[in-house]
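Report on the structure
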Amino acid sequence: MGHLDLPGGTAIERYSVAIKELPSEDRPRERLLSYGPQALSLAELLAIVLRTGTRERSALSLGEALIAEHRGLGGLARASVHDLATLKGVGIVKAIQVAACVELGKRLAATCDEERPVIRSPQDAARLVMPDLRFERQECFHTVLLDTKGRVMRQQTVTIGSLDASIVHPREVFAGAVAARAASLLVAHNHPSGDPTPSAEDRAVTTRLVEAGHILGIELVDHLVIGDGRWTSMKQQGLM
């Protein structure tokens, strides 16, 4: 039981019904068993992950509060463990549980039927890197190394921070490709704003990397700019 403040300073008591007090057919775990996880709301799924609530809030109420606090699933995916833990009743342990589930979702979204994904188009590349980059709150610059058949050899983060020529240096970008004897590589970075429109700095960095690739004999096949569910291929746009 808690309090809800109303305009004028009036307070009324608010009740949060414990999940065990709900009819069995309305409890998240029982509903999942009966109808499958796809039938549950986001708050119900979070309640299962959180497992327990507090004296003031049920696990379901905590799940609803987390969604409201972070403005939906996208906000939860962007939140750090410490961000999640700041909500009263969540704490570090529950925050870790939520963060682990979010990361499992990201990794599942990045999986491919083939053990080694093949990059045949910008769409293939976007599907590969989108789960890792779309929710990052800082700019992250990734490289994807490819063999002679376009199969992914390795992915790695080269830099984290604002994208500029002094940070994204060809030496760091191509070092892994040279060591792995990659035939080519593609690069990708995110715009935390969610807008994947390439900036002037994005174009300058791309031009520099293309020139370095020509010298090393390792082709830069594309540079993707990742937004929130959207992306831009520099190659498709004729910018490289």
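Notes on the structure in this doc start here. (Residues numbered from 1 in each chain as written. Predicted model: local features only at pLDDT ≥ 70, side-chain atom pairs only at ≥ 80, totals over all residues. Heavy atoms only, no water.)

1. A short note on the pattern of salt bridges
Where side chains of opposite charge bring their charged atoms close, a pairing between them can arise. Under the defined criterion, the tally for this structure stands at seven salt bridges. For Asp 228, the salt bridge identified is with Arg 78, shortest N-O distance 3.7 Å. Here Arg 78 lies in helix H4 (residues 73-78) and Asp 228 lies in the loop between strand S6 (219-226) and strand S7 (231-233), a separation of 150 residues in the sequence. The residue Arg 137 makes a salt bridge to Asp 83 at a minimum N-O spacing of 2.7 Å. One end of the pair, Arg 137, is in the loop between helix H7 (122-133) and strand S3 (140-146); the other, Asp 83, is in helix H5 (residues 81-85), and 54 residues separate them in sequence. A relative accessible area of 26% means that Asp 83 is categorised as partly exposed. Through salt bridges with shared partners, a single network forms among Arg 78, Arg 134 and Asp 228. (Salt bridge = Lys/Arg side-chain N within 4 Å of Asp/Glu carboxyl O. Helix = DSSP H or I, 4+ residues; strand = E, 2+ residues; numbered from the N terminus. Buried < 20%, exposed > 50% of the residue type's maximum accessible area, 1.4 Å probe, protein only.)

2. Considering the pairing of strand S5 (residues 184-190)
In terms of residue burial, S5 counts as a mostly covered element, since seven of its seven residues are buried. By the bridge criterion, six bridges tie S3 to S5 in an arrangement that is antiparallel. From the neighbouring strand, Leu 146 faces S5, where its bridge partner is Ser 184. Where S5 and S6 come together, seven bridges link them in parallel fashion. Note on S6: the bridge partner recorded for Val 187 is His 223. Tracing the backbone out of S5, into helix H9 (residues 200-216) and back to the parallel element S6 gives a crossover that is right-handed. (Pairing = 2+ DSSP bridges. Right-handed = clockwise from strand over helix to strand, strands pointing away.)

3. Topic: the packing of helix H1 (residues 28-35) against helix H2 (residues 42-50)
Interhelical geometry of H1 versus H2 gives an angle of 115 degrees and a closest axis separation of 9 Å. Taken as axis vectors, H1 and H2 run roughly perpendicular relative to one another. Between H1 and H2 the crossing geometry is left-handed. Counted together, Pro 28, Arg 29, Arg 31 and Leu 32 of H1 and Glu 44, Ala 47 and Ile 48 of H2 form the full contact between these two elements. Looking at the contact of H1 with H2 residue by residue, the class counts come to four nonpolar, no polar and three charged. (Axes fitted to C-alpha atoms, helices over the stretch in contact; angles between N-to-C directions. Parallel < 35°, antiparallel > 145°, perpendicular 65-115°, else oblique. Left-handed = near helix turned anticlockwise from the far one by under 90°. Contact = heavy atoms within 4.5 Å. Nonpolar A, V, L, I, M, F, W, Y, C, P; charged D, E, K, R; others polar.)

4. Focus: unusual backbone geometry
The phi torsion at Arg 51 lies on the positive side, around 75 degrees, for a residue other than glycine. For Arg 51, the location among the structural elements is in the loop between H2 and helix H3 (59-70). Arg 51 gets classed as exposed once you look at its relative accessible area, which sits at 56%. Although it is not a glycine, Arg 181 sits at a positive phi angle of roughly 55 degrees. Tracing the backbone through its elements, the reader meets Arg 181 in the loop between helix H8 (170-180) and S5. The class for Arg 181 is exposed, based on a relative accessible area of 76%.

5. Looking at the environment of Asp 228
Judged by relative accessible area, which is 35%, Asp 228 ranks as partly exposed. As a C-alpha pair, Asp 228 and Glu 136 span 92 residues in sequence and 9.5 Å in three-dimensional space. Sequence-distant contacts of Asp 228, defined by excluding residues within four places in its chain, comprise Arg 78, Arg 134, Phe 135 and Gly 194.

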